[in-house]
Every structure is written in structure tokens, then in C-alpha cells.
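One-letter residues, chain by chain:
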Amino acid sequence: MTKKVIIADDSALARAFMIKCIKVSGVSDCIFIEVSNGLEAIEKLKEVIPDLLITDINMPKLNGIDLVKTIKANPKLVDIPIVVMTSAGNSEQRDELERLNVSQILAKPFTPKDVMDIANNLLGNGNNKDAKEEEW
Amino acid sequence: MIYNKNLLKEFSEGAMEISAEIIKLLDELPANSGSELGSPLLKIHKYIKNLIKSSEFIWLENTAKFLKQADNIIVAIKDNRIEVNETLVKSVKELFIKFEEIIKKEDFEESKAIFTLKQAAQNVEKGLLIDVKILPEAKETVIINDGIDKIPVSDDDMLQNFISDSNEQLNIAEEAFLLLKERGFDLEIMNSAYRQIHSFKGNCGFMQFDDLMQISHTMENIMQFMRDKKLEINKKSVSFMLKYIDVLRNGIAAIEQNGDSSIPETEEYIKKAINLFPECFIGSNIPAKAVKEMQVLKQDEVVAKNLTQIPNSNAHNIKRQDFRVDLEKLEKIINLTDELVIAENKVSKNPEILKISNKSLNRSISNLQKICNSLQDATMSLCMVQLNGLFKKMTRLVYDLSNHIGKKINLVTVGENTEVDKSIFELINDPLVHIIRNACDHGIETPAERIAAGKNETGTITISGENKNGAVWISVKDDGYGFNKEKIIKKAIEQKLISNKSKLTNEEIAKLVLRPGFSTAEIVSDISGRGVGMDVVQKNIENIGGEIAIKSKEGKGTEFIIKIPFKRIGKYRKEKV
């Protein structure tokens, strides 16, 4: 089945880097939806429910944290796995993200391998694990 | 409540859609039957779970409670505890229609309407199909009774301290009695039990819990005779004490739950004690409910004097020094420590620093690493609890069960000092109780059977705990019947858990007993046999990310091995990326 991934980052270069890493990681059959801020992401979420959402924190209009909050508050979207990119060392931000219960925090600077591992984990076999949890 | 309007709007929009989906699925329910029910039910269950997650996220506590209750109903239908019929489906549907109406409102908030809805859901589950429609209107009749206002005593902190102290005192006394039963009379152990009940009574007096005080005072009287060797320590007296300790414990639990300290049966308990051990009460001023405070005090002074003269050399009584710390503060320390270790790594692994070959710098860095690691170990151990409290509880359980079913069972505990995370500790209690109940009831043979099989008359159950490979391993092993493979397979085919052609490995056969509803017991006893317990075991253990394995040899016994992670995943900190 085709997997849908939303990537929210205001830097086009960063989005391209992400897509490249995920493609290299061997996850096949993936559509990437690129958005440049949180508001756009929310608009997109009204049309598609992705298998994974990757977001930066510092974005214009609506930042990453508020995007995550909006997703978690909506019962339709609450199950979407979320990866948040953050700058290292900002422990307050990290704590807040942990309270928000995101799937993964990706601390900058990260390597292509970090991204590949996450992609494999959340888009590859990882998804089956989620499905299993939901059973009785 | 901490939420903002936008999030609330987001929630209500999504919830409306999902609720509509649920109603649609409910419509399909009565038409389907039997096995086909599973898939729409699973969908509904999933939807509700998502609703719960979101509502908890934005702190809609009552909404979450209502949804949980609704989910209970769905699970009950799935487990065949409630029969699906049109009335039931209609009631559940109405719940969700009402729910939609409530969340649709612009100024939706956690109103009493939601609370009423929760109660309506509860009634549906109980089978009282009350018309839901009228309930939300009758706002005035809803009394949100938390019971907290009933607690008469000073402040909450004091009450909390009292409760935890009391539980500890009762635990120590219980342990002492179990030891006395095993070893016979021992003055030091006896005194340790006496001291606990004595101070328990004192605390109750201080908190003005009169009923608890009277019962413990009665116990003290009897214990005095036991200590002075005027009353024999035997099954009768020990069982009596254990039972009364439970009475006190229930009393404490009631206070904790709803602040109600009265025990209506107090006088009966006291009368019963006098009937059983009349010799202990000659010339005593009990049971008159109006025990004069002064008299009690006088008596206490004497007792206290006696007690202080007894050297407190028993190893059991070396008390650790404890004090309470807010869990949040603790978690902050743990998080900061992790942060520190990461920062330390960043510095010491920094390529620029690695380039420098300076002995003194290297030494400083390795010293820093060492300290960081020790600090991390130390903070980790802050939230760790030893298993021995849990094992002690099991000792009591086995004692009670073996008396109850007339088997002779000896419980051996190994590795009580193994430490586990506190959150895990609380979650493994239930599974362990189930496994041990099963082992006592089905695992161990009756004394006659054991002799016939050439075994020792007394059966042995061994619980052991161990830290190995970054996980905690708990094993419960009995030397009883073991699994009868044919019987299990036959039963599984009967219950359509497997087809009669399937070939199973030993492991798979053993795993069958964990399936819900599976039981080979011909008769359902009051201890086990319904086939629910082992299912719960597996669920609970999987919930905390653990695994369970079963080894069994017919005629030799069965071993349950539980592997649980050190820490609850995601509780404090996700693994470093």
C-alpha cells in the first residue's frame, strides 16, 4: 500500500534532504506531501490522513508545537505518528514535546542514518506494531 | 482546565465526524451476528480509543470518563458479557447522539451533561436501560459526590501519612504472624507484631478512628496473652490474627477511598474475639463501647513501658529512614541527569576535543564520565523498588489459599532484592496473583495424589526474580501436575480456538492457556477455572511491554516466566535518537 508522508518545514532544502533520506532508506512506495508551515499542514490534514508526519518546530504562521497540539486534540488525527525535528540542547522544548507524546524527537544536527532508521521504524515494520496494539 | 478554544474546536470537529461513524457502525451491529460482529466492534473500539486519547490530551476529563465507560460496553459485547439486541444498540446509539449534541455547542465545556452521560453509559452496561434522553435535562438531580468533604480529620497530608504508616504496620505484623506460624513461638517476632498493632492503635486514637482503635485494642489483648505464652500460637490463633489484620486493612482502604472510618460490625468483631478466646478478656474492660479514654491510656502506659525494656535487636526492625518526595521533583532530577549525560557525551566525544592529546585533560574527562554514569545509575535506582514487598504478599496469598483448598503448599521466594521500576511494580501485582492462584488451584495436587505419585506430600511453589540482560525476569514454578497436552488440545478444539488438524509445538500448546475463555477445569471453583485470569495476565504483561513464556512437563510441574522491561517505556524519557 502506498504510504503518505507529510513533511512540514519552511526550508525547501531541509524538505528535500528528508525526502532523499527516506527514499534511500528502502521504504518503497511513498508519496511525499511538502508544506512550508503549520497552517498548510493542517489544511492538508483535512484532505489526507498520512502514515507519518515530519515537522520542524520553527515555522512561520503556525509553529511545530502548535501543529502537534492541534493534531493530538483531534480524535481523527490523534493516531498519526509524528516526528519532530528540534535543535539540540533546548531541554524545555524537548520536555514539552515529550508531554505531547510524539512518536520521535529528532535532535539537530542529525545524520541521514538517523532519518533512515526512523523511516524504517515508523513506515516499515513499525506500522504493523501499531496495528497490533490496536487489536483487542 | 488548561485548553484553548482552537484546540477545543479542533476536538469537537473531529469528534463529531467520528461519532457519526460510530453511529453508522452501530446501525450495522444487530444485522450481523456471531463472528461477524468482531470487525465493526473493533472499529468502534478503535474510534473510541482515539476519542479518549484526544479528550485526555486537552484535559476533558469527564468526557474521557464517559468515553471509557462507552468503550467498556463495547468490550463487554465483544466478550459476550452483554447480548447484542436492538434495545442495547439503541441505547448506545442514543449515548453518542447525545454526545454529539453536547460537543456541537459553541461554548461546549465539561458540563454536568457529560457527567450525566457517563452515568447513563454506566447504567447501560449494568443492563438498566434507562431512557437517556431525559437525563441530561435533569441537571439539578446530579450530585457529583466525591466524598472528599466527608473526611473529618485535620489535613490531607496527615491522613496520607496515617494511611501509609498503617499499611506498613499491618504488613509487618502480618509478616510476623506468618513467621510465627512457621517457626513457632519467638519472643522477638511476637514483640515486633505487638509493637506494630500497638502503634497502629495509638495512631487510630490520634486520628479519632474509634472503630479501628477498638478492634486493634481487642487484638492487642489477645496478643498480650500470646506473648506471655498463656495462649498457644497455632493455626487458630494465627488465622484469627491474620483475619483481623485484614479487617483493619479494609478499614484503612475505606478511609482512603471515601473517608469513612466507621466499621458497622465493630461490636460483632469484638464479641467474636471474646467468644474465641474468652481467657484473654477476663477482668478486661472491653468490649464496652464506652471505654474510658483514661483507662486505655493507663493501660497503654504500662504496655509502652514494657515494650521499651525489650531490646530492639531483631533484624526485622531495623527501619530504613524514609521521607516523602513529590514524584514530579524526582522526575525532574531524572530528566536533568539524562540531559547531563547527553551533554557530557557531546563534550567528551567532540572531535575537537578528541584531537587533543593531553593527559590531564583525558583524565578529567574520564573522571567526568565516571561521575555522570554513577549519577545516572543512582537516579535510576531512585524509582526502583525491591520485589520483596510483592513476594511477601504472595506468601500470605499462598497461606490463605492452601488452607482454603486443603492442600499443603510451601512457597519459596528467591531474589527478593531484585529491583524494578515502581510503575512496573504496581502493574505486575495482578498477573502474579492470577498465576499463583492458578498454580495453587490447578497446579499442585492434593496431598493424597502427591503421595500416590511418589512426591513429597507438600507441594512447592517457587517465585524468583532476577535482573538479566537489561530486563527483569520473574518466574513462578510449581512441582504439580504440569500441563496435560491432550486435554488442552481437546479443549481448545472444542472451544474452536484451533482446528483439529493444526500441529502445534509444545510452546504453542502452552500458550493456549493464555487465551481468553480457555479453561480445562471441569468445575469452576471460587478460586479459578473461568478462564478469565490467564487472559488478564497476558494482557497486563503485554501492556507494560513484557513477554510471557510457559514451560511445562506433565507430572513434573509448570513454570511461568515473565520478562518485563526495567522501565516503563516512554515514561520518563524516550530513547535518545
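Residues numbered from 1 in each chain as written. Chains lettered and ligands numbered in written order. Predicted model: local features only at pLDDT ≥ 70, side-chain atom pairs only at ≥ 80, totals over all residues. Heavy atoms only, no water.

Asker: Even after reading the chapter, I still don't get the nonpolar core, so can you show me in this structure?
Answerer: Inside soluble globular proteins, nonpolar side chains tend to come together where they are buried. Residues and elements named next belong to chain B. Core analysis: the largest hydrophobic core is formed by 61 residues, its most contacted members being I48, F96 and F99. Sort the elements by how many residues they give to this core and helix α1 (residues 5-28) lands first, with nine residues. With sequence-adjacent residues up to four places away left out, F96 is seen in contact with S19, I22, I23, L26, I48, L67 and A70. (Core = buried A, V, L, I, M, F, W, Y, C linked by side-chain atoms within 4.5 Å. Buried < 20%, exposed > 50% of the residue type's maximum accessible area, 1.4 Å probe, protein only. Helix = DSSP H or I, 4+ residues; strand = E, 2+ residues; numbered from the N terminus. Contact = heavy atoms within 4.5 Å.)

Asker: Quick question: what am I supposed to make of helix α3 (residues 61-78) of chain B here?
Answerer: Since one α-helical turn is 3.6 residues long, residues separated by three or four positions face the same way. Taking 1.5 Å as the rise per residue, α3 of chain B with 18 residues should run 26 Å; its terminal C-alpha atoms sit 25 Å apart, in good agreement. Residue N80 of chain B follows α3 of chain B closely and has a positive phi angle near 65°. (Expected span 1.5 Å × (residues − 1).)

Asker: Sorry if this is basic, but what is going on with the packing of aromatic side chains here?
Answerer: Each pair of aromatic rings is reported with the distance of its centres and the angle of its planes. Residues and elements named next belong to chain B. In this structure the tally under the stated criterion is six aromatic pairs over all chains. On the basis of an interplanar angle of 40° and a centroid distance of 5.4 Å, the ring pair of F66 and F99 is categorised as tilted. Of this pair, F66 sits in helix α3 while F99 is found in helix α4 (residues 86-104), placing the two residues 33 residues apart along the sequence. Across the pair, F99 and F66 agree in class, each one buried. An aromatic cluster is defined as three or more aromatic residues linked by ring pairs; in this entry it consists of F240, Y244, Y269 and F277. Its end group placed over the ring of Y194, R227 keeps NZ or CZ at 4.7 Å from the ring centre. (Phe/Tyr/Trp six-rings, centres within 6.5 Å; stacked < 30°, edge-to-face > 60°. Lys NZ or Arg CZ within 6 Å of the ring centre and 35° of its normal.)

Asker: Would you explain the pairing of strand β3 (residues 52-55) of chain A in this entry?
Answerer: Every regular strand shows the same layout, with side chains that alternate between the two sheet faces. Residues and elements named next belong to chain A. Alternating positions in β3 separate into two faces, L52 and I54 on one and L53 and T55 on the other, with burial throughout. In the sheet, strand β1 (residues 3-8) pairs with β3 via four bridges, with the strands oriented parallel. The residue of β3 that forms the bridge with I7 is I54. Here β3 pairs with strand β4 (residues 82-87) via three bridges, running parallel. Residue pairing in the sheet places I54 in a bridge with V83 of β4. (Pairing = 2+ DSSP bridges.)

Asker: In this structure, what is going on with the sheet that holds β1 of chain A? I would like to understand it.
Answerer: The strands making up a sheet are joined through hydrogen bonds of the backbone, oriented either antiparallel or parallel. All names here are of chain A. Pairing is parallel in the open sheet, where five strands are placed in the order β2-β1-β3-β4-β5. On the outer flanks of this sheet lie β2 (30-35) and β5 (104-108), each paired with one strand and no other. The sheet shows a mean angle of 20° between the axes of neighbouring strands, direction not considered. Against the sheet, helix α5 (residues 112-123) contacts β1, β2, β3, β4 and β5, and its axis sits at roughly 170° relative to β5. (Axes fitted to C-alpha atoms, helices over the stretch in contact; angles between N-to-C directions.)

Asker: Sorry, what's going on with the interface of chain B and chain A here?
Answerer: Buried accessible area, meaning the area lost when the parts come together, often serves as the stated size of an interface. Listed per partner, the contact involves 27 residues of chain B and 25 residues of chain A. When the two sides are added together, the surface that chain B and chain A hide from each other amounts to roughly 2,500 Å², 60% of it contributed by carbon and sulfur. At the boundary of chain B and chain A, one finds two salt bridges. We note a salt bridge from K76 of chain A to E17 of chain B, for which the minimum N-O separation is 2.6 Å. Where chain B meets chain A, there are six residue pairs in polar contact (both at pLDDT 80 or more). Every element with two or more residues in the side of chain B that touches chain A is listed here: α1, α2 (38-57), α3 and α12 (327-348) of chain B. (Buried area = accessible area lost by both parts, 1.4 Å probe. Salt bridge = Lys/Arg side-chain N within 4 Å of Asp/Glu carboxyl O. Polar contact = N/O pair within 3.5 Å; in protein donor to acceptor, adjacent residues only side chain to side chain.)

Asker: Looking at this structure, how should I read the pattern of salt bridges?
Answerer: Per the counting criterion, the structure on display carries 18 salt bridges over all chains. A salt bridge links E43 of chain A to K46 of chain A; its shortest N-O distance comes to 3.8 Å. One end of the pair, E43 of chain A, and the other, K46 of chain A, are both in helix α2 (residues 38-47), three residues apart, so they sit about a helical turn from each other. Judged by relative accessible area, E43 of chain A falls into the partly exposed class, the value being 47%. The closest approach of N and O atoms between E21 of chain B and K24 of chain B, which form a salt bridge, is 3.8 Å. With E21 of chain B and K24 of chain B both in helix α1, this residue pair falls three residues apart, about one helical turn.

Asker: What's the story with the environment of K355 of chain B in this structure? I'm lost.
Answerer: Residue and element names in this part refer to chain B. The topology assignment puts K355 in helix α13 (residues 351-355). The class for K355 is exposed, based on a relative accessible area of 61%. In this structure the side chain of K355 is engaged in a polar contact, spanning 3.2 Å, whose partner is the side chain of E352.

Asker: Would you mind showing me how to read the packing of helix α8 (residues 210-227) of chain B against helix α10 (residues 266-276) of chain B here?
Answerer: Pairs of packed helices are described in terms of their axes, by the angle between the two and the distance that separates them. Residues and elements named next belong to chain B. Orientation of α8 relative to α10, taken along the N-to-C sense of each, is 5°, at an axis distance of 9 Å. Overall, the two elements α8 and α10 adopt an arrangement that is roughly parallel. Across from D211, Q214, I215, T218 and I222 in α8, the residues of α10 making contact are T266, Y269, I270 and A273. (Parallel < 35°, antiparallel > 145°, perpendicular 65-115°, else oblique.)

Limitation: the analysis is restricted to geometry and does not speak to function.
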